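# Fold and contact review
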Amino acid sequence: MTDYANELTPEREAERTEVLDKARAAKQVAATFAQLTTPRKNEILEQAAQDLIDNTAAILEANKQDLEAGKERGLSESLLDRLALDEDRVAGIADGLRQVAGLQDPVGQILEGKNMDNGIQMRKVRVPLGVMGMVYEARPNVTVDAFGLALKSGNVPLLRGSKSARKSNEKLVEILQNTLEKFDLPREGVQLLPCETRDSVQDLITARGLVDLVIPRGGAGLINAVVKGATVPAIETGTGNCHFYIDGSADIDKAIDMVVNGKTRRTSVCNSTECVLLDAALADDVKLRIVKQLQDAGVTIHGDVSELEGFGVEGAVEATEEEWEQEFLSMDICAKVVDGVDGAIAHIGKYSTGHTEAIAAQDADVLVKFGNEVDAAAVMLNASTAFTDGEVYGMGAEIGISTQKLHARGPMALPELTSYKWILQGTGQTRP
């Protein structure tokens, strides 16, 4: 890590020191948490869930301060929605911990094994990753999710939340640390890093030797900054420029239901549909019907206005090149006419972030082609993009959706937060 301490202001030096001190403390206690038994982990998770419920009023008061500050700073409605907590959301966060308690513990699982010809017994065993850095925006629920998943997988989380959720995160971490103390465990089993400047992110993601893995969760800017600037191993997660292609063979009623669901169910999440691709083979009145259904649901259409007006669309907004590439995370969607499934695959290949891509079609050959040739963590054949979710997959809570190809791809649940090691047991064998 580059030493630039001489260039730092006293405030910046204090921030950097805090990050590194907390990383060292996490490293020191990592072995303790790696050795916790499954019953002990589950007991802690159940108690943490109850402690959150018992402290709901304090959590909501802290969250209220964050929301007021966010409104003063002009945060968008989508960000405020991500930030906001109420009694139901706190209860849902607590239920998430209970759900994690009910999941199978991956630590210690034997992935494979055999007896070598020389009598040595070989086993491949799941083990914790160690110190897990999380960099995320707005959502205070991620604070608790990261704690729960890290604890169950034997890891220690270092949490760098956003300034917009500082009060909420501070209160949540305080409650979780108090829970750990009830079990005579060090409070350093979960820590919140400073968030006053963006430089603290760089301190975390370059703490090589102290931090074993960093996971960014948020918008494209955050994820790109972490992935490009990290010297610690990083997993790229979350950015979802998700497309939904409607083929000429599709059941149009079902296709409309799926694309409207993918777009409007919850716009601020990474599996929200951000672009609808319409087969040129569809009749103009059918294309218009699809777009009109989105507009009637309150969605603003972006695209080539002259192309859209050509089959009767009114009120569309001319799309910029950036809008074809990015998440809206709002009640907006791009719409484009493409030349069949090949045109859809080409467009997706150019603009996809590798998260979730979907198709509506009844032609089996078209479905096979789309499934085989689209490169994404999840490909939905006649299903909404909203189904890309660890809980929906039956994996339980997730730390994020990995859009890269190494280590993990798709929802990252408990098994994806572990590595493995080889254990070879002999009786004194030597190699000739």
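By the naming in an unreviewed UniProt entry, the protein goes by Gamma-glutamyl phosphate reductase and is assigned to Corynebacterium massiliense DSM 45435.

With that settled, the discussion passes to the sheet that holds strand 6 (residues 213–217). Ordered in space as 5-4-3-6, the four strands form an open sheet in which the pairing is parallel. Across the chains shown, the open sheet's two edge strands, defined by having one partner strand only, are strand 5 (191–192) and strand 6. As paired strands, strand 3 (residues 131–136) and strand 4 (residues 156–160) are joined by five bridges and run parallel to one another. Paired with V131 across the two strands is V156, which belongs to strand 4. Each of strand 3, strand 4 and strand 5 touches helix 1 (residues 10–34); the most contacted strand, strand 4, lies at about 150 degrees to it. Packed onto the sheet, helix 6 (residues 141–152) meets strand 3, strand 4 and strand 6 and runs at close to 160 degrees relative to strand 3.

In this section: a nonpolar patch on the surface. Side chains of L111, Y420, W422 and L424 sit close together on the surface and give an oily, nonpolar patch of about 410 Å² of accessible area. If you tally residues by element for the nonpolar patch, the top one is strand 16 (residues 418–425), at three residues. With respect to the helices and strands, the residue L111 is situated in strand 1 (residues 110–115).

Right, let's talk about the sheet that holds strand 1 for a bit. Read from one edge to the other, the open sheet built from three strands follows the order 1-2-16, with strand pairing classed as antiparallel. Pairing within the sheet leaves two strands with one partner each, and these edge strands are strand 1 and strand 16. Across this sheet, the average inter-strand angle for adjacent strands is 20 degrees, counted without regard to direction.

This part is about the environment of I423. As for its position among the elements, I423 is in strand 16. I423 gets classed as partly exposed once you look at its relative accessible area, which sits at 28%. On a C-alpha basis, the gap between I423 and L192 in space is 35 Å, while along the polypeptide they are 231 residues apart. The contacts of I423, once residues within four sequence positions are left out, are Q121, M122, R123 and V125.

Let us now look at the side chain of H243. Among the secondary structure elements, H243 is positioned in strand 7 (residues 242–246). For H243, a relative accessible area of 0% corresponds to the buried category. Residue contacts for H243: discarding those within four places in its chain leaves C275, L277, H347, I348, Y351, S352, T356, E357, A358 and T385.

For helix 2 (residues 38–54), which comprises 17 residues, the first-to-last C-alpha distance of 24 Å matches the rise-based estimate of 24 Å (1.5 Å per residue) to within 8%. Where helix 2 is concerned, the buried positions are K41, N42, I44, L45, A48, A49, D51 and L52. Contacts made by the buried residues of helix 2 are with helix 3 (56–72), helix 5 (87–101), helix 6 and helix 7 (166–182).

Each value, and the rule that gives it
- Residues numbered from 1 in each chain as written.
- Predicted model: local features only at pLDDT ≥ 70, side-chain atom pairs only at ≥ 80, totals over all residues.
- Heavy atoms only, no water.
- Pairing = 2+ DSSP bridges.
- Helix = DSSP H or I, 4+ residues; strand = E, 2+ residues; numbered from the N terminus.
- Contact = heavy atoms within 4.5 Å.
- Axes fitted to C-alpha atoms, helices over the stretch in contact; angles between N-to-C directions.
- Patch = residues over 30% accessible without salt bridge, like charges linked within 9 Å, V, L, I, M, F, W, Y side chains within 5 Å.
- Areas by Shrake-Rupley, 256 points an atom, 1.4 Å probe, with all protein chains shown as cover.
- Salt bridge = Lys/Arg side-chain N within 4 Å of Asp/Glu carboxyl O.
- Buried < 20%, exposed > 50% of the residue type's maximum accessible area, 1.4 Å probe, protein only.
- Expected span 1.5 Å × (residues − 1).

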